[in-house]
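An overview of the molecular structure
Residues per chain, in single letters:
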Amino acid sequence: MNRIWVVIPAGGKGQRFGGSQAKQYVQLRGQPVLAHTLNIFLQEPRIAGVQLVLPEEDLRSGFWRELLGEQMVLPLAPVSGGKQRADSVRLGLEALQAAGAADTDWVLVHDAARPCLRSADLHSLLDSLPDSPQGALLGIPVADTLKRENNAVSLGTVDREGLWRALTPQAFPLSALLAALRVAQAADSPITDEASAMELQGWRPRLIQGHGDNIKITLGDDLALAAAILAARDEEN
Ligand SMILES: Nc1ccn([C@@H]2O[C@H](COP(=O)(O)OP(=O)(O)OP(=O)(O)O)[C@@H](O)[C@H]2O)c(=O)n1
Ligand SMILES: C[C@](O)(CO)[C@H](O)COP(=O)(O)O
């Protein structure tokens, strides 16, 4: 039975977010963004382990231990990330291999900056894996009209038929994903998600429709939006 692992890339600087603290560390409804994201997976019984990838300086300083507190136990020691998100994901995969994960084990990669992932959407992705030999990712069909921009001027409209926004988690077999990332990085291919590396190798992963409130905290305003999403969810429950 293939085990299911998670890599949480949290090695970014949050430059678009601004502020003095990287966005994965800022407080969101009483705990760091990163803690919200980690808890989603630490509480999921089907997940064998969570590999956290942090900025090298934060790993070295031990800052993350103070941030997450004693109550959060990470069975796998966090590792340092790299210059790009794809580098951090690759380093997380290599750490999983070193920890004994099998080549055919599944790995879900989920942005630390997406703390609002619904457990229902995670379960949809996990449930899809037996029927997703070429991997699977959460996504959502584009619902807005899309423009191609140059110098804040519209150059025209992009046909949105069949276009989806890729979200995370994205799920692939460990060794296939690691190999695809290595090939893409060696070719200096612009890789912004795991699926794009796999697609370059001819894989056609399944798109599993998720919810638009699985936002990525990117700009400063996104933090208040994430807080409102989680508050509304608490109200529902
Ligand atoms: N070298 C990097 C860059 C990004 N990430 C992680 O990948 C996720 C999505 O990336 P993004 O939203 O671009 O985060 P940042 O790179 O921090 O943001 P920015 O581009 O604004 O600096 C985040 O959880 C981020 O921490 C990472 O692990 N290693
Ligand atoms: C992986 C991702 O979240 C899918 O939409 C996105 O590509 C990350 O992009 P970023 O520029 O690294 O935030």
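Residues numbered from 1 in each chain as written. Chains lettered and ligands numbered in written order. Predicted model: local features only at pLDDT ≥ 70, side-chain atom pairs only at ≥ 80, totals over all residues. Heavy atoms only, no water.

Quick look at the site of ligand 1 now. By nearness alone, 19 residues border ligand 1, and Gly-11, Gly-14, Arg-16, Lys-23 and Ser-88 come closest of all. Taking Ala-10, its main chain carries an N or O atom lying 3.3 Å from an oxygen atom of ligand 1. Contacts to ligand 1 include Ala-113, whose backbone N or O atom sits 3.3 Å from an oxygen atom. In the complex, the protein chains occlude 88% of the 560 Å² of accessible area that ligand 1 would expose alone. Judged by the proximity of its atoms to the pocket grid, ligand 1 belongs to the largest pocket. A per-class count over the shell around ligand 1 returns four nonpolar, eight polar and seven charged. (Near = heavy atom within 4 Å. Polar contact = N/O pair within 3.5 Å; in protein donor to acceptor, adjacent residues only side chain to side chain. Areas by Shrake-Rupley, 256 points an atom, 1.4 Å probe, with all protein chains shown as cover. 1 Å grid on protein atoms, 1.4 Å probe; cavity = no way out; pocket = protein on both sides within 12 Å on 5 of 7 lines; lining within 4 Å. Sits in = over half its atoms within 2 Å of the grid points. Nonpolar A, V, L, I, M, F, W, Y, C, P; charged D, E, K, R; others polar.)

This part takes up the packing of aromatic side chains. Inspection of every chain in the model, using the stated rule, returns one aromatic pair. Between Tyr-25 and Phe-63, the aromatic rings sit 4.8 Å apart at their centres with planes inclined by 75 degrees, giving edge-to-face as the arrangement. With a gap of 38 residues between them, Tyr-25 in the loop between strand 1 (4–9) and strand 2 (27–28) and Phe-63 in helix 3 (residues 63–68) connect regions that are remote in the sequence. Looking at Phe-63, the relative accessible area reads 23%, which means it is partly exposed. (Phe/Tyr/Trp six-rings, centres within 6.5 Å; stacked < 30°, edge-to-face > 60°. Helix = DSSP H or I, 4+ residues; strand = E, 2+ residues; numbered from the N terminus. Buried < 20%, exposed > 50% of the residue type's maximum accessible area, 1.4 Å probe, protein only.)

With numbering matched to this structure, UniProt assigns "site: Transition state stabilizer" (unreviewed entry) to Arg-16 and Lys-23. Considering only the annotated residues already named, the ones lining the largest pocket are Arg-16 and Lys-23. Within the fold, Arg-16 resides in the loop between strand 1 and strand 2. Relative accessible area serves as the criterion here: at 59%, Arg-16 is assigned to the exposed category. With respect to the element layout, Lys-23 can be found in the loop between strand 1 and strand 2. Accessibility expressed as a relative area gives 12% for Lys-23, which makes it buried. (UniProt positions renumbered as here; feature names shortened; annotations may be inferred.)

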